[in-house]
Amino acid sequence: MFNTPFLMIDNFSFYTLSEKMKLSENVKITAEELNNIDPMSNVLQKSGSRAMINIEGPIVYNPSMIERLLFGATSTQDIMQAVADVAQDNKIKSVVYNVNSGGGEAHKMHVVADMIQALSQSKACATINTGMMASAAYYMGSQTGKIYTDDKMNQTGSIGTAVMLHDTKGMAEQAGVKVIPITTGPLKALPAQGVEISDDLVQYVQERVNELQEGFSDAVSRVRPNADMSDGAEARTGKTFSYQKANELGLVDGIKSLDEVFSMLEAGNKLAKMRRS
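Before going into details, it helps to say that this report is about the structure given with it. Bear in mind that the values here come from a model prediction, so they are computed numbers and not experimental data.

Thresholds applied
Residues numbered from 1 in each chain as written. Predicted model: local features only at pLDDT ≥ 70, side-chain atom pairs only at ≥ 80, totals over all residues. Heavy atoms only, no water. Helix = DSSP H or I, 4+ residues; strand = E, 2+ residues; numbered from the N terminus. Buried < 20%, exposed > 50% of the residue type's maximum accessible area, 1.4 Å probe, protein only. Areas by Shrake-Rupley, 256 points an atom, 1.4 Å probe, with all protein chains shown as cover. 1 Å grid on protein atoms, 1.4 Å probe; cavity = no way out; pocket = protein on both sides within 12 Å on 5 of 7 lines; lining within 4 Å. Points joined across faces, edges and corners; volume = space filled by probe spheres on them. Nonpolar A, V, L, I, M, F, W, Y, C, P; charged D, E, K, R; others polar. Phe/Tyr/Trp six-rings, centres within 6.5 Å; stacked < 30°, edge-to-face > 60°. Expected span 1.5 Å × (residues − 1). Arc of directions from axis to C-beta. Axes fitted to C-alpha atoms, helices over the stretch in contact; angles between N-to-C directions. Parallel < 35°, antiparallel > 145°, perpendicular 65-115°, else oblique. Left-handed = near helix turned anticlockwise from the far one by under 90°. Contact = heavy atoms within 4.5 Å.

Quick look at the overall build of the protein
When you go through the protein residue by residue, the secondary structure sums to 11 helices and 10 strands. Within the protein, the fraction of its 277 residues that count as buried is 40%. Only carbon and sulfur atoms are counted for the fraction: they give 50% of the accessible area of the protein, which is about 15,000 Å².

Some words on the layout of surface pockets
For the second largest pocket, the calculated volume is near 350 Å³. Lys93, Lys123, Ala124, Gly268 and Asn269 are, among the 16 residues lining the second largest pocket, the residues nearest its centre. For the lining of the second largest pocket, the elements supplying multiple residues, two or more each, are helix H6 (109-122), strand S6 (124-134) and helix H11 (258-276). With 7 residues, H11 is the single largest residue contributor to the lining of the second largest pocket. Grouping the constituent residues of the lining of the second largest pocket by class yields 6 nonpolar, 5 polar and 5 charged.

Considering the packing of aromatic side chains
What the rule picks out here adds up to 1 aromatic pair. With a centroid separation of 4.5 Å and an interplanar angle of 5°, the aromatic rings of tyrosine 139 and phenylalanine 216 are classed as stacked. Taken together, the residues tyrosine 139 in helix H7 (residues 136-141) and phenylalanine 216 in helix H9 (residues 199-223) connect sequence positions 77 residues apart. Exposure class is identical for tyrosine 139 and phenylalanine 216. Each is buried.

Some remarks on H11
Under the 1.5 Å per step criterion, the end-to-end length of H11 is 27 Å for 19 residues, consistent within 8% with the ideal 27 Å. Buried within H11 we find Val261, Phe262 and Leu265. Viewed end-on, H11 has its buried residues packed into an arc of 95°, placing them on one side of the element. Opposite its buried face, H11 presents the exposed residues Asp259, Lys270, Met274 and Arg275, each directed more than 90 degrees away.

A closer look at the packing of helix H5 (residues 76-88) against H6
Running from amino to carboxyl end, H5 crosses H6 at an angle of 20°, the nearest separation of the two axes being 10 Å. With respect to each other, H5 and H6 are oriented roughly parallel. By crossing handedness, the relation of H5 to H6 is classed as left-handed. The segment H5 lies against H6, with Thr76, Ile79, Met80, Val83, Ala84, Val86 and Ala87 engaging Val111, Val112, Met115, Ile116 and Leu119. Looking at the contact of H5 with H6, its residues break down into 11 nonpolar, 1 polar and no charged.

Following this line, the structure appears as structure tokens:
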């Protein structure tokens, strides 16, 4: 529960077991084809001195192959591996994060953010929003300090943290089931199916959510000081914004194509090289 506090769009986790089974039946793939799938080939692409790291679909720390194939989920671990790979590759001079994601799990998000921010200190990096850059995707993508969108209607934002608790006590009672938790503490093993959601549990989860959001807000503020990340700020309402409003709020820097972003980074590299010589 606590590993998935960010809003996830069309995430496989929202489907029931029976729905998953039906969807799985539609996947026609042999065992050999399954073994040959390389998730990293979709995340990291290199060409000469350029590298592009793709952050697309739901962001899941350890997605199943079904989540990858049916819902285009990107693994947080794959993103971390891609960033580490680029950091060690001396041939790579320019890095663009290609983002089209509504967000995902919070697990290890602070680690990825720190890695992306650190890489931007040693290589020319920027982020491009090619559709949606929301929630956890914004958490990561913002850390280059340079954010562009390739279309004025692309959505940016959904800055916030959320957990959904489901009180299923009434359902259990209707089914004639009474669940009796036997634990060593009032919050141990909760939330649980058939157990009432107590005020103490709600307060505890709210504290966890607030703690995670503090890290999110601090990460954005360190690279985008003009973006207001204080409680109650418009950028913190959970809304997504098209380019004009996102730019006003300090969430994006301009409209550029992917080629234009790479060209901008390469021009900066040339200028920096001239200054050193």
